[in-house]
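Report on the structure
Below, each chain spelled out in residue letters.
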Amino acid sequence: MSWYEEHGADQDVVISTRVRFARNIKGYKFPHLLNSEKTAELTNEVVTAVQRLDPKSFHMVELNSMNLIDKQSLAERHLISPQLINSKQNKSLLINQNEDLSVLILDEDHLRIQAIKAGFSPDQAFVQAKNLAVALESVLEIACDQEFGYLTACPTNVGTGLRISALLHVPGLEYLNQLKYMIDSLRRSGFTVRGYYGEGSSEQGQMLQISNQITLGKTDQELVNQFKTILSVFIKQEREARKHWYEREQIKLQDKIYRSKAILSNAYLIGHEEAFNCLSDVRLGRALGFEGFPDYTDILTLTYLIGVGSIQKKEGQILNSEQRDIARAKLIKKYFADFINNKDH
Amino acid sequence: MLCEKCHINEANISVKTNIHGVTKTYQLCSECAQKQGLFQSGFGFESFPMSNYLGQALFNFPFVTLNNQPKTIGTQIDKSIRCPACGQKYTDFRKTGLFGCPECYSTFHDVICSMLDQIHGGHIHNDTQIVPQNIDVEKVKPLTEIEQLKSELKEKVQLEQYEEAALIRDKIKELTAAEKSNPANNIESEIESEGDEK
Ligand SMILES: [Zn+2]
Ligand SMILES: [Zn+2]
């Protein structure tokens, strides 16, 4: 079972929580300056170290030996950043079975240790990622400075190397035009706010990614606690906003949500953006407790399956845009039909 | 120390508030911080009344304190210096935004200090090793059935409930034997790891 098929806390608002640690190994240049020989040497050293720690849990994929579709699919599940899809340098990913714990080798830093969990699960993600980071430090020579802490290629990650982020569904605050105030305020407080696919992406389907900006001067645990505090405010506000919306415009809101569900259940052609936005509405329907709406886990699974890369991966061939829209509509429609059938039985 | 609110849990969040220029620090447990502090005016956080939805910015996160370490001043860099380990110059960093290697941090030490001051509000890493207080590590990793039974067994023995302990011991033996003799277990886990790609 993959992590996104599991339940987590506060799933009505928070889709997933990620924690990653940036680490580098002494004696090597940072990834952007490594030649292919050193790239292979370092990769080998890390893979051997991970296998020494835990020979069974991880399997390795080399991005260079993967086709475009498979790489897109990894990016759609937030396992690599979209920028890595076209990278010439060979990057490798060590990943466990349910895909909630991974080590990305030679991204911007030598190691990016990442844990991802469904819902709002900062503690679980933190513990899992930190345990692996600490364990790796016992078998690898990690670059760490007395004064600056863990050294990273970019000075924005130095210190703890910790980045904690949550993906939030915020249709209520958007409806009430509160988002820009909250985003401003978050930015002033030292947090980064981005769209669904991270850096440079727009805010799609009312999804926001919030993460810590400061990585130095506080312990990783303090940063996590701060993040939890902020997010709990945000979650509460989003719930209030939804309540307010529902009280104010019940019929309009119901109409919007049920229309989206109808599109997903009936369309023959559906583009990624439209499907994504309709699923966002369905998610809200579920959160508001409407009858006959699928679970968060199913909605998230569908969201991952319908990505441009993932849909082609599922079909097992390269598809043009129209073919993708057909395959996507078919997959979603089948899912909703099965869901309704299962409910009746 | 104990949480100043409930006096039960260990405090693990330090809350700084600034109300009308008066700064106060509270030590709270994460539960109390979440449950109480945020929405109580006593902690300086204005709640979010509905009427304000149509107003403007009302969001402030008083719980977040940015770093306020002493700043480095007046740093200059000799542009001809190269990092002995990777050969990069400071101007290379200016182009890519990335240093060349961990050694660069010593090579360009002074200018990095002031850069980190700007980015993070300070440049001194806090390496206090905090054992996470609010994390139940046991919970993170689910126990197998046998592990669960073993801990039950220990409990029963401690309570001197030997009859029940014997039953649990038998059950453990049974499970251990079944696990060993069932080759399907091994095959299944192999298939699962192969087929995970989907
Ligand atoms: Zn407390
Ligand atoms: Zn260097």
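Criteria and cut-off values
Residues numbered from 1 in each chain as written. Chains lettered and ligands numbered in written order. Predicted model: local features only at pLDDT ≥ 70, side-chain atom pairs only at ≥ 80, totals over all residues. Heavy atoms only, no water. Helix = DSSP H or I, 4+ residues; strand = E, 2+ residues; numbered from the N terminus. Buried < 20%, exposed > 50% of the residue type's maximum accessible area, 1.4 Å probe, protein only. Contact = heavy atoms within 4.5 Å. Areas by Shrake-Rupley, 256 points an atom, 1.4 Å probe, with all protein chains shown as cover. Donors = N, O, S within 2.8 Å, 3.2 Å for Na, K, Ca; no water. Tetrahedral: all angles 85-135°; square planar, octahedral: opposite > 155°, others 65-115°. Phe/Tyr/Trp six-rings, centres within 6.5 Å; stacked < 30°, edge-to-face > 60°. Lys NZ or Arg CZ within 6 Å of the ring centre and 35° of its normal. Pairing = 2+ DSSP bridges. Axes fitted to C-alpha atoms, helices over the stretch in contact; angles between N-to-C directions. Expected span 1.5 Å × (residues − 1). Disulfide = S-S within 2.5 Å. Core = buried A, V, L, I, M, F, W, Y, C linked by side-chain atoms within 4.5 Å. Parallel < 35°, antiparallel > 145°, perpendicular 65-115°, else oblique. Left-handed = near helix turned anticlockwise from the far one by under 90°. Nonpolar A, V, L, I, M, F, W, Y, C, P; charged D, E, K, R; others polar. pLDDT = per-residue confidence, 0-100. Salt bridge = Lys/Arg side-chain N within 4 Å of Asp/Glu carboxyl O.

Let's shift gears to the overall build of chain A. On a plain count of helices and strands, chain A comes out with 11 helices and 10 strands. Each principal axis of the C-alpha atoms in chain A carries an extent, and together these give about 65 × 45 × 35 Å. The buried share among the 345 residues of chain A stands at 63%. Sequence separation of at least 24 residues holds for 71% of the intrachain contacts in chain A that already meet a minimum separation of 6. Entry remark: accessible area of chain A is about 13600 Å², with carbon and sulfur atoms responsible for 47%.

Residue and element names in this part refer to chain B. Cys83 (SG), Cys86 (SG), Cys101 (SG) and Cys104 (SG) make up the full set of protein donors to the zinc ion (ligand 2), lying at 2.3 to 2.4 Å. Every donor counted, the four donor atoms about the zinc ion (ligand 2) form angles of 98 to 124° at the centre, which fits tetrahedral coordination. Mapping the donors of the zinc ion (ligand 2) onto the primary sequence yields the spacing C-x2-C-x14-C-x2-C. Residue cysteine 83 is found in the loop between helix 1 (30-35) and helix 2 (90-96), and its partner cysteine 101 is found in the loop between helix 2 and helix 3 (104-107); the two are separated by 18 residues along the sequence. Cysteine 101 shares its class with cysteine 83; the two are buried.

What follows covers the packing of aromatic side chains. In the structure shown here, the tally under the stated rule is 17 aromatic pairs over all chains. Ring geometry for Tyr4(A) and Tyr304(A): centres 4.9 Å apart, planes at 70°, overall edge-to-face. Note that Tyr4(A) is positioned in the segment before strand 1 (14-23) and Tyr304(A) in helix 9 (residues 296-305), a separation of 300 residues in sequence. For the residue pair Tyr4(A) and Tyr304(A), the accessibility class agrees, reading buried in each case. By the ring-pair criterion, three or more aromatic residues cluster together here, those being Phe148(A), Tyr90(B), Phe93(B), Phe99(B), Tyr105(B) and Phe108(B). The positively charged end of Lys261(A) is found above the aromatic ring belonging to Phe293(A), 4.9 Å away from the centroid.

This part is about the sheet that holds strand 10 (residues 207-212) of chain A. Residue and element names in this part refer to chain A. Strand order across the open sheet formed by eight strands is 2-3-4-5-1-8-10-9, with antiparallel pairing between neighbours. Edge strands, defined here as strands with exactly one partner in the open sheet, are strand 2 (58-62) and strand 9 (191-194). Each strand of the sheet is rotated relative to its neighbour by a mean of 20°, with strand direction disregarded. Across the sheet, helix 5 (residues 179-188) is in contact with strand 9 and strand 10; its angle to strand 9 comes to roughly 145°.

Because the α-helix completes a turn every 3.6 residues, residues three or four places apart line up on one side. Between its terminal C-alpha atoms helix 3 (residues 122-139) of chain A stretches 26 Å, which fits the 26 Å expected from 18 residues at 1.5 Å a residue. Buried within helix 3 of chain A we find Pro122(A), Asp123(A), Ala125(A), Phe126(A), Val127(A), Gln128(A), Ala129(A), Lys130(A), Leu132(A), Ala133(A) and Leu136(A).

A full pass over the atoms with the stated rule returns zero disulfides over all chains. The closest cysteine sulfur to the non-disulfide-bonded Cys144(A) is located on Cys113(B), 15 Å from its own sulfur. Among the residues examined, Cys144(A) registers a relative accessible area of 41% and is labelled partly exposed.

Residue and element names in this part refer to chain A. Counting residues in hydrophobic clusters, the biggest one holds 54 residues, and the most contacted among them are Val46, Ile105, Leu168 and Phe234. Leaving out residues up to four positions away in the same chain, isoleucine 105 has contacts with Leu42, Thr43, Val46, Val47, Lys91, Ser92, Leu94, His110 and Leu111. Among the nonpolar cores identified, the runner-up in size contains 25 residues, and Trp245, Phe290, Ala327 and Tyr335 belong to it.

Before going further, it helps to spend a moment on unusual backbone geometry. For residues that are not glycine, phi is negative in most cases, and the peptide bond is trans in most cases. Residues and elements named next belong to chain A. Of note in the backbone geometry, histidine 78 takes a positive phi value of approximately 60° without being a glycine. Given a relative accessible area of 7%, histidine 78 falls into the buried group. Residue glutamate 99 is not a glycine yet carries a positive backbone phi of 65°. You can see glutamate 99 is positioned in the loop between strand 3 (92-96) and strand 4 (101-105).

Residue and element names in this part refer to chain A. Its 16 residues give helix 8 (residues 272-287) an end-to-end C-alpha distance of 22 Å, which sits within 8% of 22 Å, the value for a rise of 1.5 Å per residue. Buried within helix 8 we find His272, Ala275, Phe276, Cys278, Leu279, Ser280, Asp281, Val282, Arg283, Leu284 and Gly285. At the exit of helix 8 stands glycine 289, carrying a positive phi of roughly 80°.

Attention now moves to the packing of helix 7 (residues 250-266) of chain A against helix 8 of chain A. Residue and element names in this part refer to chain A. Viewed as axis vectors pointing N to C, helix 7 and helix 8 meet at an angle of 130°, and their least axial separation amounts to 8 Å. Judged on the interaxial angle alone, helix 8 and helix 7 are oblique. Crossing geometry of helix 7 relative to helix 8 is assigned as left-handed. Within the contact between the two elements, helix 7 uses Leu253, Lys256, Ile257, Ser260, Lys261, Ile263 and Leu264 and helix 8 uses Glu274, Ala275, Cys278, Leu279, Asp281, Val282, Leu284 and Gly285. When its residues are assigned to classes, the contact of helix 7 with helix 8 shows nine nonpolar, two polar and four charged.

Residue and element names in this part refer to chain A. Across the interface, helix 3 lies against helix 6 (residues 220-248) with an axial gap of 10 Å and an inter-helix angle of 160°. Our classification of the angle between helix 3 and helix 6 gives roughly antiparallel. Crossing of helix 3 over helix 6 shows right-handed handedness. For the pair formed by helix 3 and helix 6, the contact residues are Pro122, Asp123, Phe126 and Lys130 on the first element and Asp220, Gln221, Val224 and Lys228 on the second. Class assignment of the residues belonging to the contact of helix 3 with helix 6 gives a composition of three nonpolar, one polar and four charged.

We now examine the confidence of the model for chain B. All names here are of chain B. Summary statistics for chain B give a mean pLDDT of 66 and a share of 51% for residues scoring 70 or more. Across chain B, the element-wise mean pLDDT spans from 38 in helix 5 (residues 137-140) up to 94 in helix 3. In the predicted structure, residues 130-142 sits below a pLDDT of 50 and forms 20 contacts with residues beyond four places in sequence or in another chain. Segment residues 184-198: pLDDT under 50, and 11 contacts once partners within four positions in sequence are set aside and those in other chains are kept. Prediction confidence for the complex, expressed as pTM and ipTM, is 0.74 and 0.86 respectively.

Moving on, we get to the pattern of salt bridges. Two side chains carrying opposite charge are able to pair once their charged atoms lie near each other. Residue and element names in this part refer to chain A. Applying the stated criterion to the full structure yields 20 salt bridges over all chains. For the salt bridge of aspartate 10 with arginine 239, the shortest nitrogen-to-oxygen distance reads 2.8 Å. Of this pair, aspartate 10 sits in the segment before strand 1 while arginine 239 sits in helix 6; the two residues are 229 residues apart in sequence, bridging distant segments of the chain. For arginine 239, a relative accessible area of 34% translates into the label partly exposed. Residues glutamate 99 and arginine 77 are paired through a salt bridge, measuring 2.7 Å at the closest nitrogen-oxygen approach. Within this pair, whereas glutamate 99 is found in the loop between strand 3 and strand 4, its partner arginine 77 is found in the loop between helix 2 (68-76) and strand 3, the two being separated by 22 residues in sequence. Here glutamate 99 falls in the buried class, since its relative accessible area comes to 6%. Salt bridges sharing common partners tie together Asp107, Glu108, Asp109 and Arg112.

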